[in-house]
Amino acid sequence: MIKKIKVKNSGIIKAQFFNDFPDGNLAIAEKGKSVDFDIKRVYFINNLFNKKTRRGFHAHKTLEQIIFCINGYFTLMLDDGKTKQKILMNDPCYGVRLGPKLWHTMTKFSPDCVILVLAADCYKESDYLRDYDQFLKYIKQ
Ligand code: T46
């Protein structure tokens, strides 16, 4: 997991983490601490056994999200239209801010990978830019 993000509208979020329990670890993402928005939606992605799976390949117009890999690993690619950055997501203590106008892809999942996303708004298909050329046009507006 890298500690520095070069692309716009992103950043590393460090969850509060307690690993001093003999019975396991506890990680916390809380509004006002590691999260700076009201969480309206939480979703997770698992069952990533197919090596060819590719997810994401879109940007959001306005949505703020934080993505965590809470088990296993995957590759997150961020693209703000100028700069691209690949991040190996393999540490459950660190999330990545997926801000607006950020093209993102998720690939190379370990079979045991579990992704957790905190979102600042409910699902709205109209907020998605699912075509890369449309994304480039949108960020130039
Ligand atoms: C994102 C990345 C990180 C819903 O109906 N409600 C929801 O809350 C979500 C997240 C999805 N859907 C529907 C929309 C599609 O028909 O589920 C289907 C699969 O969604 P999508 O292809 O967008 O899944 P991913 O994994 O490519 O992207 C998801 C989120 O949609 C997206 O906001 O940033 O995870």
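Our structure's up above, just so we're on the same page.
Here we summarise the structure given alongside this text. Only a predicted model underlies this, so the values are computations on that prediction, with no experimental measurement involved.

Comments concerning the environment of Tyr 43
Position of Tyr 43 relative to the elements: it lies in strand 4 (residues 41–45). Along the primary structure Tyr 43 and Leu 98 are separated by 55 residues, whereas in three dimensions their C-alpha atoms are 14 Å apart. Residues in contact with Tyr 43, not counting those within four places in the same chain, are Gln 65, Ile 115, Leu 116 and Val 117.

Topic: the pattern of salt bridges
Should the charged atoms of two oppositely charged side chains come close, the side chains can pair. Per the stated rule, a full pass over the model turns up 7 salt bridges. For the salt bridge of Arg 130 with Glu 125, the shortest nitrogen-to-oxygen distance reads 2.7 Å. By relative accessible area, which is 44% here, Arg 130 ends up partly exposed. A network of salt bridges, in which partner residues are shared, links Lys 40, Asp 121 and Lys 124.

Regarding the site of the ligand
Every one of the 14 residues lining the ligand counts as a neighbour, but Arg 41, Arg 55, Gly 56, His 60 and Tyr 128 are closest to it. Contacts to the ligand include Arg 55, whose side-chain N or O atom sits 2.7 Å from an oxygen atom. Look at the ligand: alone it shows 640 Å² of surface, and the protein chains cover 68% of it. Elements represented by at least two residues in the shell around the ligand include exactly strand 4, strand 5 (55–60) and strand 10 (103–107). A per-element tally of the shell around the ligand places strand 5 first, with 4 residues. Taken together, the residues that form the shell around the ligand break down as 6 nonpolar, 5 polar and 3 charged.

What counts, and at which threshold
Residues numbered from 1 in each chain as written. Predicted model: local features only at pLDDT ≥ 70, side-chain atom pairs only at ≥ 80, totals over all residues. Heavy atoms only, no water. Helix = DSSP H or I, 4+ residues; strand = E, 2+ residues; numbered from the N terminus. Contact = heavy atoms within 4.5 Å. Salt bridge = Lys/Arg side-chain N within 4 Å of Asp/Glu carboxyl O. Buried < 20%, exposed > 50% of the residue type's maximum accessible area, 1.4 Å probe, protein only. Near = heavy atom within 4 Å. Polar contact = N/O pair within 3.5 Å; in protein donor to acceptor, adjacent residues only side chain to side chain. Areas by Shrake-Rupley, 256 points an atom, 1.4 Å probe, with all protein chains shown as cover. Nonpolar A, V, L, I, M, F, W, Y, C, P; charged D, E, K, R; others polar.

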